[in-house]
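Here is how the chains run, residue by residue.
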Amino acid sequence: MQEFSRRTFVRGVAATPLLAAVPGSPAAAVSPPLRAVVNTAPDTVPLTWLEDTPGTNVGSTWGVPWPQGAVPADSPFALTSAEGTAVPVQSWPIGYWPDGSLKWSAHALPASAPLSSSYTLSRSAGTPVGTAVTVAEKHDTITVGTGVISVVIGRRGSSLIRSITRGGVVIARDLQLVSLRQTTADDEDERRTSRERLVGTVRKVTVEQRGPVRAVVRIEGDHRRRGRSWLPFVVRLYLYAGAEHVRVVHTFLFDSDGQREFIAGLGVRVGVPMRDEAYDRHIRISGDGDGLLREAVKGITGLRRDPGAAVRTAQLAGRKLPDPATWDQRVTTRLPLIPTWGDYTLAQLSSEGYTIRKRTKAGHAWIDVDAGQRAGGFGYVGGVSGGLGFGMRDFWQKYPAQLDIRGADTAEAQATLWLWSPEAGPMDTRFYHDGLGQDTYPEQLEGLNITYEDHEPGFGTPYGIARTTELSFFALAATPSSVETAALARTVRNPPQIVAPPAHLAAAGAFGGLFAPVDRSTPDRAEIEDRLDFLFDYYRDQVESRHWYGFWNYGDVMHTPDTDRHVWRYDIGGYAWDNSELSPDLWLWFAYLRSGRADIFRFAEAMTRHTGEVDVYHLGRWAGLGTRHGVQHWADSAKQQRISTAVYRRIFYFLTADERVGDLMHELVDSDRTFLALDPLRKIRTEPYTPDPHALSIGLGTDWSGLAAAWLTEWERRGPKAAIAEKKLLATMRTIGRMPNGFVTGSGLYDLDTGEFAPAAKTVSVSHLSAMFGQVEICAELIALIDMPAFEAAWLQYCRLFNATREEQAAETGAHFGNLILKQGHSRLTAYAASRLGDATLAARAWREFTSTDGYTDALPWRTVPLTGPEVLNPVDDAPWVDTNTTALYGLAAIQNLALLA
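Owing to the predicted nature of the structure, the values given are computational and were not obtained by experimental measurement.

Take Thr702: it is sitting in helix 14 (residues 702-717). Taking the relative accessible area as the measure of exposure, Thr702 reaches 19% and is therefore buried.

Read across the sheet, three strands follow the order 2-6-5 without closing on themselves; strand pairing throughout is antiparallel. Each of the sheet's edge strands pairs with one partner strand only, and the pair in question is strand 2 (60-65) and strand 5 (90-96). Sheet twist, expressed as the average angle between the axes of neighbouring strands with direction ignored, equals 25°. Examined bridge by bridge, strand 2 and strand 6 (residues 102-109) share six bridges and lie antiparallel to one another.

Its volume calculated, the largest pocket comes out at about 990 Å³. Contributing to the lining of the largest pocket are 36 residues, with Gln640, Arg642, Leu681, Ile684 and Leu769 lying nearest its centre. At the level of elements, strand 32 (639-640), strand 33 (696-699) and helix 14 are the ones that each hand at least two residues to the lining of the largest pocket. By residue number, the principal contributor to the lining of the largest pocket is strand 33, which donates three residues. Its residues placed into classes, the lining of the largest pocket shows 14 nonpolar, 14 polar and eight charged.

The subject of this paragraph is the packing of aromatic side chains. One pass over the full model with this rule turns up 50 aromatic pairs. Relative to Trp327, the ring of Tyr279 has its centre 5.3 Å away and its plane inclined at 65°; by these criteria the two rings are edge-to-face. With Tyr279 in the loop between strand 17 (262-273) and strand 18 (281-286) and Trp327 in the loop between helix 2 (309-317) and helix 3 (329-332), the pair connects residues that are 48 residues apart, well separated along the chain. Seen from the ring of Tyr575, Arg569 lies directly overhead, with NZ or CZ sitting 4.3 Å from the centre. The side chain of Arg685 reaches across the aromatic face of Tyr689, ending 4.0 Å from its centre.

Moving on, we come to the pairing of strand 24 (residues 386-392). With respect to burial, strand 24 is a largely interior element, seven of its seven residues being buried. Alternating positions in strand 24 separate into two faces, Gly386, Leu388, Phe390 and Met392 on one and Gly387, Gly389 and Gly391 on the other, with burial throughout. Sheet topology note: the strand 23 (residues 378-383)/strand 24 ladder contains six bridges and is antiparallel. Bridge pairing links Val381 to Leu388 in strand 24. Joining the antiparallel neighbours strand 23 and strand 24 is a turn of two residues. Sheet topology places strand 24 next to strand 27 (residues 466-476); six bridges connect them, and they run antiparallel. Paired with Met392 across the strands is Leu471, a residue of strand 27.

Rules and cut-offs
Counting from 1, residues in each chain are numbered in the order their sequence is written. Totals for whole chains, interfaces and linings use all residues, but because this is a predicted model, local features are given only for residues with pLDDT of at least 70 and pairs of side-chain atoms are given and counted only at 80 or more. Only hydrogens and water are removed before side-chain values are computed, so all heavy atoms of the structure are retained for them. Elements are defined by DSSP. Helices are runs of H or I of four residues or more, strands are runs of E of two residues or more, and each kind is numbered from the N terminus. Buried residues are those whose accessible area, probed at 1.4 Å on protein chains only, stays under 20% of the maximum for their type, while exposed residues exceed 50% and partly exposed ones sit between those limits. For two strands to count as paired, DSSP must find a minimum of two bridges between them. A fitted line through C-alpha atoms represents every axis, and for helices the fit uses only the stretch in contact; the resulting angles, taken between N-to-C directions, go from 0 to 180 degrees. For each structure, a 1 Å grid was placed over the protein atoms alone; sets of points admitting a 1.4 Å probe that cannot get out are labelled cavities, open sets with protein on both sides within 12 Å along at least five of seven lines are labelled pockets, and lining residues have an atom within 4 Å of a point. Grid points are joined across faces, edges and corners, and a volume is the space filled by probe spheres set on the points. Any residue that is not Ala, Val, Leu, Ile, Met, Phe, Trp, Tyr, Cys, Pro, Asp, Glu, Lys or Arg is counted as polar, Gly included; the first ten are nonpolar and the last four charged. When the centres of two rings from Phe, Tyr and Trp lie within 6.5 Å, Trp using its six-membered ring, the rings pair. Their planes under 30 degrees apart give stacked, over 60 give edge-to-face, and anything left gives tilted. Think of it as a cone above the ring: NZ of Lys or CZ of Arg counts as a charge over the ring if it is within 6 Å of the ring centre and within 35 degrees of the ring normal.

Have a look at this one:
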């Protein structure tokens, strides 16, 4: 690795001419010119599946970036398969450059399209879809047709989906959300425990997309019973042209303090009419891998008398049986004596085990069927004339989950997907310790000196957090074969995703141009690439060996290892769950952008789903803020913009056009108002401070970067608050640029109305954390978009000086920056300045900072050590020198330095 320190790698960025502000924009009078661009877009973009070509086409939605100024916003698009066949595609804009050109387009593939190993997207008129999605609205219902199924959605009441019909046959009806509310935890006096069932009630329904390929319906409501309401929800239904299924994205918000009431069950329930004879009704439940439980409600295999091989074979395959009159009559005459099994339950109460049991009906004994490790989360109930397939993504990963089938022997079965299993006991979200001796700020801050935890009474609350789960419901014309069932289960577990290649993502200038495709062309580059792979593989394997799974935990990783116990510090204050500390989200997404690796995408996707929902408040007094790392995701009293920041969600959104993540980013546009509700510096201020809406003390690092990310995203998406977002974004940029020391000033007094920072004195206040929560990435995007020389100069000054000598810092700003750490992570700031300024000296310094300062260096072993019992509970490959802070910063620095200085 010493070779890099002796070389100069510079990609100079020439100054660009100026353009006038966008005519008619809300801030045209005060906006700086946009950066002029002379870009061309490729005529075609190759597209592939993230993983292998799927076995089942359920449709797919994806995003594609375009160079600035190259593609008109209303540009048409066409899709062609690898075989040269024109494929229908629906396209729409999801991001714009400030000059109005298209920045990101979204596209949808119909489920009716023939599957191909790859596709080509071109900027030309496409072929129309044969049978388009239709949306018909009435005063109390919305009916969506895919050409295969018709789905009736209720505008009010408890049935989100009133019916799913295929070929004139009702396959499912009355899809409802259900919850069980319990008033005590399971370790308290059971005599005082009460449990009640609440049902989701629809308050608002909105059609967000009408086809022709893809329809999206948003349903909002809450769970109610006898005047009590709780657990607000947002559910989106996705239907693709030619699809036989409905994709459901279910989000609930936890509007309880978690102290006096507990979720004892949370699920989605649907009725399935049963028309066939009991021996022609079938149950399918997926187990480990492609494993399946295949049974009939009234089984005729294994009997003392044989109905005939053809009959047994047909039942096992799920086909209609011959007339019983043709069977061996010793079976036919005794059919009423064969039990019918109406109820089945699969309970996944941990990531390592599930059980299946069944009974004939309620009030009768359960019998054990089998057990396994990790169930696929897919089931089927129905018969030869049709039935319902239903499944939950991340089923075992987000345990405790459960599948129930009830009444399969009656006229209507019920299938319930439990997001939280009723058999697991109530969900306990109480604060994990009592915080004795921490009633004042000085005592609370002492927690940082022993457990690295900042605790404040009343702040360790889950009120306002959320969780999103993806489900699918397939209206099938007949009982699927074993091969078909296994394919559906795989589709639910890993929904097919179309992607653009890293080369196109990089060439389009996506996300500030801070990455380049993987390049192993030199020994030095290959060594860095090997180390990047090592770090990701290590975390992927740690999730498995440390069992970082569970309803509230899946998607996050731990912060710091305990090298004595050979565990991560899961039980020690702020060293436990990471909660996006120092941007592992960005490390993972940039690692994907440059590599195209499917395993990295899925890892980052799970983290985005987790950190954007669980680690952030969406209701209550801290809505818009996230919680610092801790033993519980909501435990620490530091509620901050640096965790909720939209910069951690942007990449997933633009790659997938995911509406729920779009909601999360839109929520943050007004999060500057959270500084009125909670002063992030309240525990360390020495002077009196009362929040003033016209002079709010806001940090120019983690605070402003979080706000800027939300404003930028709303502006480029042209969201409902785009005008105010643009105004505040540009006003803060402009007034930061006016400060004598720019970002080095540390904080400023912010006006909620004007979006401006007040004039500031020439002061120095620099933190090692200021730029490490997405500010590097946001500033790179802003500078690429907006020609504002003073702002760029302020940012480049910060980039140049953070790792500079004390003498250099003092000479330029009036004082040195103190004892700073995280210099390896900040090497990418030096690299950015070198790239923008074309400065070879800075480039060489950046590589020295990356290879020979704090962080991961050549001196480390770069390997794992296998550990087994009795040293550890479970076998694990351990690298005790790895921690998440350093990993995230090393990863981002390596990726960005390679891109900027090559």
